[in-house]
Each structure stands twice: as C-alpha cells, then as structure tokens.
Amino acid sequence: MQLYTERLFLRDLNFNDAQNIFAYRSDAEANKFQSWIPESREDVESFIQRNKIEFNQPESWYQVLITDRETEAVIGDIGIHFFGAENLQVELGITLNKDFQGKGYAAEALQGVIDFLFNDLGKHRIMASVDPDNSDSIRLMERIGFRKEGHFIKSLFWKNRWVDDVIYAILREEWMKK
Ligand SMILES: CC(C)(COP(=O)(O)OP(=O)(O)OC[C@H]1O[C@@H](n2cnc3c(N)ncnc32)[C@H](O)[C@@H]1OP(=O)(O)O)[C@@H](O)C(=O)NCCC(=O)NCCS
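Remember, it's a predicted structure, so these values are computed and weren't measured experimentally.

Peer 1: I'd like a description of the packing of helix α1 (residues 18-25) against helix α2 (residues 41-50), backed by residues and values.
Peer 2: Here α1 crosses α2 at 115°, and the two axes come no closer than 9 Å. As judged from the angle between their axes, α1 and α2 are roughly perpendicular. Here α1 and α2 pass one another in a crossing that is right-handed. Residues Ala 18, Gln 19, Ile 21, Phe 22 and Arg 25 of α1 form the contact with α2, whose participating residues are Arg 41, Val 44, Glu 45 and Ile 48. Partitioned by chemical class, the residues of the contact of α1 with α2 number five nonpolar, one polar and three charged.

Peer 1: Could you give an account of the environment of Ile 78, naming the residues involved and the relevant values?
Peer 2: Residue position: Ile 78 is located in strand β4 (residues 74-83). For the pair formed by Ile 78 and Val 113, sequence separation is 35 residues and the distance between their alpha carbons is 8.9 Å. If near-sequence neighbours (up to four positions away) are discounted, Ile 78 is found in contact with Val 64, Ile 66, Leu 92, Ile 94, Ala 109, Leu 110 and Val 113.

Peer 1: Any chance you could break down the site of the ligand for me, citing the residues and the numbers?
Peer 2: Residues in close proximity to the ligand total 22 residues, the closest being Gln 101, Gly 104, Ala 106, Ala 107 and Asp 136. Going through the elements one at a time, β5 (89-96), α3 (105-120), β6 (125-130) and α4 (135-143) are the ones with two or more residues in the shell around the ligand. Class assignment for the residues of the shell around the ligand results in ten nonpolar, nine polar and three charged.

Peer 1: Give a description of the nonpolar core that names residues and reports values.
Peer 2: Judged by nonpolar contacts, the single largest core of 36 residues is most densely connected at Ile 78, Leu 92, Ala 109, Leu 110 and Val 113. The leading source of residues in this core is α3, at eight residues.

Peer 1: Pulling in residues and values, what's your account of the pairing of strand β3 (residues 60-68)?
Peer 2: As judged from the five bridges shared by strand β2 (residues 8-12) and β3, these two strands associate in the antiparallel manner. Bridging across to β3, Leu 8 finds its partner in Asp 68. With eight bridges joining them, β3 and β4 adopt antiparallel strand pairing. Among the inter-strand pairings, Leu 65 is bridged to a residue of β4, identified as Asp 77. Where β3 folds back on β4, the antiparallel hairpin that results is connected by five residues, among which Glu 72 adopts a positive phi of roughly 70°.

About the thresholds
Residues numbered from 1 in each chain as written. Predicted model: local features only at pLDDT ≥ 70, side-chain atom pairs only at ≥ 80, totals over all residues. Axes fitted to C-alpha atoms, helices over the stretch in contact; angles between N-to-C directions. Helix = DSSP H or I, 4+ residues; strand = E, 2+ residues; numbered from the N terminus. Parallel < 35°, antiparallel > 145°, perpendicular 65-115°, else oblique. Left-handed = near helix turned anticlockwise from the far one by under 90°. Contact = placed C-beta atoms within 7 Å. Nonpolar A, V, L, I, M, F, W, Y, C, P; charged D, E, K, R; others polar. Near = placed C-beta within 6 Å. Core = buried A, V, L, I, M, F, W, Y, C linked by C-beta atoms within 7 Å. Buried ≥ 20, exposed ≤ 12 C-beta atoms within 10 Å, placed from the backbone. Pairing = 2+ DSSP bridges.

So this is what it looks like as structure tokens:
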C-alpha cells in the first residue's frame, strides 16, 4: 500500500530498508512491549520477505513503513492485521524510531491508515491490544479517539509470564462522525 499524509509517506517495505528498520527495532529497551526484537539484519530481511504477501488478505499481518515525505527518512512501521471471517476487522500495532517520537508522527500515520481502512476498504472495526504499562501507547490510543473496551487480567502468556491486555477499538460509524 502507499499513502501520503501531511508530513509522511507510508509505503511497502523493501530490502534496502533492512538496516534502517534494524536500527530502531533492535533496541530491546525501547521495544520492551513488542514481541519482535530482531537480532541481526538478516532477521529483518526474513521479516521483509515474509511481508511480501498481498495487502488485505484474510488472517494476515501486513507491515507498512512510515517515512518522512521530504527527507525519506525511515520513521517507523505499522503492523496491520486483517482478521475475522468477513475480513472486515483490523488490528493495528505501531513502532517509531525513538528519534522520531514526540512529534505527532504516530497519530498522523495511524489517522491516515484508519481513514484508508474505513473509507477505501469499508472495514467495520479497528482495534489495538496494549500493555497497561505502556503509557505512551495508551496516550496515543486516546489521542486518536479509540475507546477503551476492556482490561483483561493475565489473559496473555507473554515472555514466560501471564500479562494483562487492554483492548482499544473504534467502529466505522464512530470514526465517520468525528
Ligand atoms: C507508542 C508510540 C508509537 C507513541 O509514539 P509518540 O511519539 O508518543 O506518539 P506521537 O507520534 O503521536 O506523538 C505525540 C507526542 O508528540 C507531541 N507533539 C509534538 N509536536 C507535535 C505535532 N506537530 N503534532 C502532534 N503532536 C506533536 C505531542 O504533544 C505528544 O507528546 P505527549 O505524548 O508528551 O503529549 C511510541 O512510544 C513507540 O514506538 N513505542 C515503542 C513501541 C510500542 O510499544 N508500540 C505500541 C504497540 S501497540
């Protein structure tokens, strides 16, 4: 997929992006709430290879790169998970390079993707699963107008322990009213 927002250009990953993606995704502390921490550039290359599937396929994850539309710098990525029997629901996850946080890029990129998913693809519901300790992500969910739907206690077995999971979501009709 490709889309422009005011300051950003969102596009497919390609092998030339491997080093830039490795640079921010390999930071284990900054990504402590993420499950994928690559250990080498080759890990990132296989990740890019696995992403070479068609966009909007049922029960698939698709990764899109967030870049600066002027400098072309790699800012981060968004994971888009198409799920549900009707293929009308989507889960989103986002990761920004630390150097590009605190500038509103995450909210701008997500708003662009959400507009596209609701307006162009006619999706019904978009959700995100957030660790309750991930305050940056919780602030982001609230900034873009997602509703908190529930806090599940020790519902995910993650990195060898049971952790809580907070679900945020928005429906197409709610997004259209904004
Ligand atoms: C979650 C994450 C993407 C949030 O990034 P972020 O930079 O805080 O979010 P935004 O890009 O929307 O930036 C918002 C901040 O920029 C500030 N900002 C500065 N200039 C701005 C501008 N021109 N427009 C909008 N906001 C601006 C806002 O005030 C806000 O700061 P605040 O949170 O201190 O109030 C980021 O922390 C991250 O990548 N974390 C690691 C990965 C992770 O845990 N992901 C969650 C998985 S769901």
